[in-house]
Structures are given as structure tokens and as C-alpha cells.
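A structural walkthrough
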Amino acid sequence: MTVDFQTWMRAVWTSIMEPSESARYALSLKPPAEALWLGLGLAAVLNVLFLATLQNLSTVPVAMEDQVIVMSPIGYLGVIGVFLVIFVFALQQAGRWLGSSAQLPEVLLVTVWFQAISLTLEAMQLVLVLISPAIAAIFGMIAFGAMLWCFVNFVNVLHGFANLFKAVFSI
């Protein structure tokens, strides 16, 4: 299967506009667990690259210079990587407590798919920062809301819950 830019952007749009259908489709793919762990690692690396690029492009207000935490890219990679792995296991466990039978590969798949969509929106925001930081900030707020909606629906489908409230609670 070949994925070009237009196909990928259509998948991103569909994931945001019809997140439940996208989650069902993603779960039907059943890629090998090794590919999913690799995808999670790639997501962590890309998150660090976007974060480092954004830090280099933006300036910190003088009043906040002393409060900014600066780590090396390897430090950020460690934090993000550990967070993603813990998140996968915690999401599976929270679902089990609420009656889900979702297996680890399924939870991993939904997390990787969500990260891929999120990273695409982050890349778009990064481009917008170069054009207009104000427009990028507005886009970021809209994207954040869209990603919340998307993830709640992804988790709802993943765990097979009857309503979104259980999904929110499990998150």
C-alpha cells in the first residue's frame, strides 16, 4: 500500500471528522506488534524534533526566562518515550477496570494512530509559525480541541464502550 501526501491528509481529515470510523478501520488493519512499537518510538523522535524546532523558532518573554526548563533532545526523548509507554499500559489497564477486553496491540495501535494524526497537525502548526505566530496559535487551539474529540472517540471504539463518558473516564 502506497500512501502519498493527499491520501495521508485525507486520512487525517477523516480521523478528525469521523474518528470512530477511523478507529474501527485502524483496528481492522492488525499490523505486527513490532511495527507498532517502532511506530511509537518514531512518534517520540518526531515529537522531540518538532519540539526542538519550535523552541528554536520561538522566543521566550524576558519575564519567563528563569522559569523555562531546557533539556537536551536526548532528555526530551527519554521523557516523551517513557510517557508514551506508560500511557499505553495505563490506557489498557483503565479500560480493563471499566470492563474492556482490549489487548495491548490494539491499545498500541490506537495510540500510534493518534500520535500520527497529532504529529501531522503539529507539523502544520510549525509551518504556520513561520507564516504568522498568531495564526499558528489559533490553529493550535483548534487542533487541540479536535485532537481531544478524536482521542475520546478512538478510546471509546478501542474499549467498546457504549458512551463517550466511559472513554473520558478511562483517559
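The sections below set out a description of the structure shown in this document. Since the model is a prediction, treat every value here as computed from it, not as a measurement.

What counts, and at which threshold
- Residues numbered from 1 in each chain as written.
- Predicted model: local features only at pLDDT ≥ 70, side-chain atom pairs only at ≥ 80, totals over all residues.
- Heavy atoms only, no water.
- Phe/Tyr/Trp six-rings, centres within 6.5 Å; stacked < 30°, edge-to-face > 60°.
- Helix = DSSP H or I, 4+ residues; strand = E, 2+ residues; numbered from the N terminus.
- Buried < 20%, exposed > 50% of the residue type's maximum accessible area, 1.4 Å probe, protein only.
- Contact = heavy atoms within 4.5 Å.
- Polar contact = N/O pair within 3.5 Å; in protein donor to acceptor, adjacent residues only side chain to side chain.
- 1 Å grid on protein atoms, 1.4 Å probe; cavity = no way out; pocket = protein on both sides within 12 Å on 5 of 7 lines; lining within 4 Å.
- Points joined across faces, edges and corners; volume = space filled by probe spheres on them.
- Nonpolar A, V, L, I, M, F, W, Y, C, P; charged D, E, K, R; others polar.

Topic: the packing of aromatic side chains
The tally for this structure, following the rule as stated, stands at 5 aromatic pairs. Where Phe114 meets Phe151, the ring centres are 4.6 Å apart and the plane angle is 55°; that geometry is what we call tilted. With Phe114 in helix H5 (residues 104–131) and Phe151 in helix H6 (residues 133–159), the pair connects residues that are 37 residues apart, well separated along the chain. For the pair formed by Phe114 and Phe151, the shared burial category is buried. Aromatic rings pair up to connect Phe83, Phe87, Phe114 and Phe151 into one cluster.

Some words on the environment of Phe161
Along the polypeptide, Phe161 turns up in the loop between H6 and helix H7 (164–170). According to the relative accessible area criterion, Phe161 is buried, its value standing at 10%. In this structure, the C-alpha to C-alpha distance between Phe161 and Met147, residues 14 residues apart in sequence, is 19 Å. Once you skip the residues sitting within four places of it in the chain, Phe161 turns out to touch Gly95, Leu98, Ser100, Asn156, Lys166, Ala167 and Ser170.

Details of the side chain of His159
Note that His159 resides in helix H6. The buried category is assigned to His159, whose relative accessible area is 6%. A polar contact is formed between the side chain of His159 and the side chain of Ser100, at a distance of 2.7 Å. Those residues in contact with His159, other than ones at most four positions away along the chain, are Leu91, Gln92, Gly95, Ser100, Ala102 and Ser170.

Some details on the layout of surface pockets
Gaps between atoms show up when a probe of the same size as a water molecule is rolled over them. Here the largest pocket defines a volume of roughly 460 Å³. Per-class residue counts for the lining of the largest pocket are 13 nonpolar, 6 polar and 1 charged. Estimated volume of the second largest pocket: approximately 380 Å³. What lines the second largest pocket is a set of 15 residues, among which Trp8, Gly39, Leu42, Val112 and Ala116 lie closest to the centre. When contributions to the lining of the second largest pocket are tallied by element, the ones reaching two or more residues are helix H3 (33–57) and H5. Its residues assigned to classes, the lining of the second largest pocket shows 13 nonpolar, 2 polar and no charged.

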